[in-house]
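Per-entry structural report
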Amino acid sequence: AAVIVLLIVILLIGYVKAPPDMAYIISGLHRNPRILVGKAGFKIPFFERLDQLSLGAIQIDVKTGSSVPTAEYINVRIDSTVSVRVSQDPELMKIAAQNFLNVPREEIARKVNDLLEGNIREIAGSMKLTEMVSDRKKFSEQVQENAVPDLQRFGLELVSFNVQNFVDDNDVITNLGIDNVEQIRKAAMIAK
């Protein structure tokens, strides 16, 4: 009877159930760790270890810390919002586990911020200011194409990338719009 009670206690202690937004990684006895996402499993107490990896999206406000020269050598600061998460692909999830197991989300966000700021600087340096301002979608797509392989090396995937704002210190963007404003004003005066 004592053996049966002991087995039941071991089963109860070893029973784990992962929620849908968390990966439970069981390692120890097997060469490759077992990954549980949204399902239940068993870990053998004292011989296997249970670690957690958050799968929820991480929102990051990525701002270039200093001005970035464009292809025309006009200094601009770029503000964007990014959403990343651990990839659901089993191989990429193993890579994410190697990089971010039991790491706080704030630390992941900091590393991703540094990586994406570098990608934003690289793309901004290859485009003209007028091109970036008039076609934000193209700028965003180029940053995404550049960033996705880098994020995959961490086991992450890009959920969304949105440019919020372009700011320059010399009012170049404002001056680019003066011609349009004056043409609209002139057309309104003629109509009046």
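This is a predicted model, so every value here is computed, not measured.

Parameters and conventions
- Residues numbered from 1 in each chain as written.
- Predicted model: local features only at pLDDT ≥ 70, side-chain atom pairs only at ≥ 80, totals over all residues.
- Heavy atoms only, no water.
- Helix = DSSP H or I, 4+ residues; strand = E, 2+ residues; numbered from the N terminus.
- Buried < 20%, exposed > 50% of the residue type's maximum accessible area, 1.4 Å probe, protein only.
- Pairing = 2+ DSSP bridges.
- Axes fitted to C-alpha atoms, helices over the stretch in contact; angles between N-to-C directions.
- Contact = heavy atoms within 4.5 Å.
- Polar contact = N/O pair within 3.5 Å; in protein donor to acceptor, adjacent residues only side chain to side chain.
- Patch = residues over 30% accessible without salt bridge, like charges linked within 9 Å, V, L, I, M, F, W, Y side chains within 5 Å.
- Areas by Shrake-Rupley, 256 points an atom, 1.4 Å probe, with all protein chains shown as cover.
- Salt bridge = Lys/Arg side-chain N within 4 Å of Asp/Glu carboxyl O.
- Core = buried A, V, L, I, M, F, W, Y, C linked by side-chain atoms within 4.5 Å.
- Phe/Tyr/Trp six-rings, centres within 6.5 Å; stacked < 30°, edge-to-face > 60°.

1. Let's talk about unusual backbone geometry
One non-glycine residue, Y73, adopts positive backbone phi at about 65°. Structurally, Y73 can be placed in the loop between β7 (68-69) and β8 (75-86). A residue is classified by how much of its surface remains accessible, and Y73, at 73% relative accessible area, is exposed. Despite not being glycine, N102 shows a phi value in the positive range, around 60°. Its location among the elements puts N102 in the loop between α2 (90-100) and α3 (105-124). Using a relative accessible area of 46% as the deciding quantity, one classes N102 as partly exposed.

2. A short note on the sheet that holds strand β5 (residues 49-54)
Strands pair in a sheet through their backbones, by hydrogen bonds, and they do so in one of two ways: parallel or antiparallel. Overall, antiparallel pairing links the three strands, which are arranged β3-β2-β5 in an open sheet. Strands at the two margins of the open sheet, each flanked by one partner only, are β3 (34-37) and β5. In this sheet, adjacent strand axes meet at a mean angle of 25° when their direction is disregarded. Examined bridge by bridge, strand β2 (residues 22-27) and β5 share six bridges and lie antiparallel to one another.

3. Some words on the environment of T64
Turning to its location among the elements, T64 is positioned in the loop between β6 (58-63) and β7. Among the residues examined, T64 registers a relative accessible area of 6% and is labelled buried. For the pair formed by T64 and Q152, sequence separation is 88 residues and the distance between their alpha carbons is 22 Å. With sequence-adjacent residues up to four places away left out, T64 is seen in contact with V76, R77, I78, E117, I120 and R121. Within polar-contact distance, the side chain of T64 engages the backbone nitrogen of I78 at 3.0 Å.

4. Describing the pairing of β3
Bridge count between β2 and β3: four bridges; the pairing is antiparallel. Note that in β3 the partner of I26 across the bridge is R34. A loop of six residues connects β2 with β3, the two strands running antiparallel in sequence, and G28 in this loop sits at a positive phi of about 140°.

5. Considering a nonpolar patch on the surface
Taken together, the side chains of L29, I44, F46 and F47 define a hydrophobic patch exposed on the protein surface, amounting to about 520 Å² of accessible area. By the secondary structure assignment, F46 is in the loop between β4 (40-42) and β5.

6. Some details on the pattern of salt bridges
Where charged atoms from two side chains of opposite charge approach closely, those side chains can pair. Applying the stated criterion across every chain yields a total of 11 salt bridges. Linking D51 and R49 is a salt bridge whose minimum nitrogen-to-oxygen distance equals 2.8 Å. The network of salt bridges with shared partners includes E107, R110 and D114.

7. A few points about the nonpolar core
Among the nonpolar cores identified, the biggest contains 37 residues, and L53, I78, V84, V112, M132 and F139 are the most heavily contacted of them. Looking at this core, the elements with two or more residues in it are β2, β6, β8, α2, α3, α4 (129-134), α5 (136-152) and β9 (156-167). The element contributing the most residues to this core is α3, with eight residues. Ignoring sequence-local partners within four residues, the contact set of L53 consists of M22, A23, I25, V86, M93, A96, A97, F100 and L101.

8. Describing the packing of aromatic side chains
Tallying each qualifying case throughout the model produces three aromatic pairs. Each ring, one from Y15 and one from F42, has its centre 5.6 Å from the other, and the planes form 65°; the classification is edge-to-face. Of this pair, Y15 sits in strand β1 (residues 15-17) while F42 sits in strand β4; the two residues are 27 residues apart in sequence, bridging distant segments of the chain. For F42, a relative accessible area of 44% puts it in the partly exposed group. With a centroid separation of 5.5 Å and 75° between ring planes, the pair formed by F139 and F166 is classed as edge-to-face. Remark: F166 occurs in strand β9 and F139 occurs in helix α5; sequence separation between them is 27 residues.

From the geometry alone we can't say anything about function, so treat these as descriptive.
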